[in-house]
Amino acid sequence: YREKMKYKTRKLIFKIIIVSFAVITFITALSGSFINSRQGKAKRWKFSIVKVYIDPNIKQDLQEGYLDAINNWNSNLKEIQFEVVKENKKANVFLSAATYKDYKEKYKIKSSKSVPDNWLGITAYNYEKLTNFFSYAKVYYNLDNYEDYLIDRKEIITQVAEHELGHVLGLEHDDNHAHKSVMATNGQVNRLSDSDFEKVDTLYKDNPFMFFNPFYKPNNNLKNNEYYE
């Protein structure tokens, strides 16, 4: 009887090992497929809630610009939302303002050719190179241009924030005049449009193992993991 029980026990252990090996192999294959499907695709977050922290030390109108832009994006997005948090350590995105000099020193930018100094807003981010998922992002208003372009100009302040938050979500620049996109450049001052919401929802709605974004196009203004406008 004991020998029979030992045989059954060994057989059970052997089955458990085989099943465990099969499960590990299956998960590894899925993981490999998942990573391969993300390589070369548009960058995005891997979750549907992006937590943002607004620097309380920046000017009140700039804080309000960020808040207005967040609310405007959230009003029509279905697949992803911004959530404002009160602690920076809990955030995925840091929203602030800086002079070009301070920004260069903070990120050790040696040449103005890589990032010109005439931007109103800029987005810098970290991402996972294997999957192209964002891991952290920082957005800044350019304080050098505050008095000339931003002071007492609520519409522009909000538009700049909307544009940069579009980059935070994974959008590139869009200079197609028909789209009237907030991601436009070349002097176009657009607010959020249906095409902006459609592009973001398409990016976050797709199959979790095939992140295909038909709106993605590499942009020449992307330097050193930074978007500037």
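What counts and what doesn't
Residues numbered from 1 in each chain as written. Predicted model: local features only at pLDDT ≥ 70, side-chain atom pairs only at ≥ 80, totals over all residues. Heavy atoms only, no water. Helix = DSSP H or I, 4+ residues; strand = E, 2+ residues; numbered from the N terminus. Buried < 20%, exposed > 50% of the residue type's maximum accessible area, 1.4 Å probe, protein only. Contact = heavy atoms within 4.5 Å. Areas by Shrake-Rupley, 256 points an atom, 1.4 Å probe, with all protein chains shown as cover. Phe/Tyr/Trp six-rings, centres within 6.5 Å; stacked < 30°, edge-to-face > 60°. Polar contact = N/O pair within 3.5 Å; in protein donor to acceptor, adjacent residues only side chain to side chain. Axes fitted to C-alpha atoms, helices over the stretch in contact; angles between N-to-C directions. Parallel < 35°, antiparallel > 145°, perpendicular 65-115°, else oblique. Pairing = 2+ DSSP bridges.

(A) Quick peek at the overall build of the protein chain. Scanning the protein chain from terminus to terminus reveals six helices and seven strands. For the protein chain, the N- to C-terminal ordering of α and β elements is α-β-α-β-β-α-β-β-α-α-α-β-β. Counting across all 229 residues of the protein chain, residues that qualify as buried make up 43%. In the protein chain, of all internal contacts separated by at least 6 residues, the share reaching a separation of at least 24 is 71%. Here the protein chain displays about 13400 Å² of accessible surface, and carbon together with sulfur accounts for 54% of that area.

(B) Structural view of the packing of aromatic side chains. Evaluation of the coordinates by the stated rule reveals 11 aromatic pairs. Arranged with centres 6.4 Å apart and planes meeting at 70°, the rings of Y100 and W119 form a pair that is edge-to-face. With Y100 in helix α3 (residues 100-107) and W119 in the loop between α3 and β4 (121-127), this residue pair connects regions lying 19 residues apart in the sequence. Across the pair, W119 and Y100 agree in class, each one buried. Where Y103 meets W119, the ring centres are 5.6 Å apart and the plane angle is 65°; that geometry is what we call edge-to-face. Here Y103, found in helix α3, pairs with W119, found in the loop between α3 and β4; they are 16 residues apart in sequence, far enough to count as distant. Overall, the relative accessible area of 0% leaves W119 in the buried class.

(C) Geometry of the side chain of S96. Within the secondary structure, S96 is located in strand β3 (residues 93-98). For S96, a relative accessible area of 3% puts it in the buried group. At 2.7 Å, the side chain of S96 forms a polar contact with the side chain of D55. Filtering out sequence-adjacent residues up to four positions away, S96 remains in contact with D55, I58, Y66, V139, Y140 and Y141.

(D) Up close: the packing of helix α2 (residues 60-76) against helix α6 (residues 194-205). Two numbers describe how α2 lies on α6: the axes approach to 10 Å, and their chain directions differ by 70°. Taken together, the axis directions place α2 and α6 in an arrangement best described as roughly perpendicular. In this structure, α2 uses N72, W73 and N76 to contact α6, whose residues at the interface are D196, F197, V200 and D201.

(E) How the structure looks around the pairing of strand β5 (residues 134-142). Relative to β5, β3 runs parallel, the two sharing six bridges. Within the sheet, the bridge partner assigned to S96 lies in β5 and is Y140. Connecting β4 to the next strand, β5, in antiparallel fashion are six residues, including N132 with a positive phi near 65°.

Nothing here speaks to function; it is all geometry.
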